[in-house]
Amino acid sequence: MKRWDAQGLTATQRAILDRIKAIGPLTIQELCAELELSREGARKTINGLHQMKRLYIRDWPYQGTQRSRQWALRTGSQQDAQKPPACTRPDYDRRFRERHKITIARRKSLLPPSPFQGLIT
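Residues numbered from 1 in each chain as written. Predicted model: local features only at pLDDT ≥ 70, side-chain atom pairs only at ≥ 80, totals over all residues. Heavy atoms only, no water.

Visitor: Run through the environment of Thr65, naming residues and quoting values.
Guide: For Thr65, the location among the structural elements is in the loop between β3 (62–63) and β4 (66–67). Sequence separation of Thr65 and Thr103 is 38 residues, and the distance between their C-alpha atoms is 17 Å. Contact partners of Thr65, with chain neighbours within four places excluded, come to Arg95 and Arg99. (Helix = DSSP H or I, 4+ residues; strand = E, 2+ residues; numbered from the N terminus. Contact = heavy atoms within 4.5 Å.)

Shown next as structure tokens:
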């Protein structure tokens, strides 16, 4: 059974708001790591806070290969950031090359992949 405080917030909602207030804007993945919450539980709680107009989407940074919402406290009349357009193929290829720069360089190199491979005859 959920318990609400004087402002109508549950303990999880209060913990999320306090953490965002202390640290600054965070993604769901960062909040899960900070508060040791499940991703589904954090998502439901954040969506509830967003509906209550306590949080807003500040930015859409990349988390690995895809974008994630960055949540921040709503202190005034801030509007949610627009979702960026879908990634085009050239952009995807460029980011792939940036992420796998070392592996690609190794494959193009004439050196053996292992220092011991040259010793084997």
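Visitor: Which residues make up the packing of helix α1 (residues 11–23) against helix α2 (residues 28–35), and what values do they have?
Guide: Two elements in contact, α1 and α2, have axes separated by 11 Å at closest approach and are oriented at 105 degrees. Considered as vectors, α1 and α2 are oriented roughly perpendicular to each other. Contacts from Ala15, Ile16, Arg19, Ile20 and Ile23 of α1 reach α2 at Leu31, Glu34 and Leu35. Of the residues belonging to the contact of α1 with α2, the class tally is 6 nonpolar, no polar and 2 charged. (Axes fitted to C-alpha atoms, helices over the stretch in contact; angles between N-to-C directions. Parallel < 35°, antiparallel > 145°, perpendicular 65-115°, else oblique. Nonpolar A, V, L, I, M, F, W, Y, C, P; charged D, E, K, R; others polar.)

Visitor: Help me get a handle on the sheet that holds strand β2 (residues 55–59), residues and values and all.
Guide: Across the sheet, 3 strands lie side by side as β1-β5-β2; this open sheet has antiparallel pairing. With partners counted over all chains shown, the strands left at the sheet margins are β1 (26–27) and β2, one partner each. Where β1 meets strand β5 (residues 70–73), 2 bridges bridge the pair, whose relative direction is antiparallel. The partner of Leu26 across the bridge, within β5, is Trp71. The strands that α1 touches are β1, β2 and β5; relative to β5, the one it contacts most, it runs at about 90 degrees. (Pairing = 2+ DSSP bridges.)

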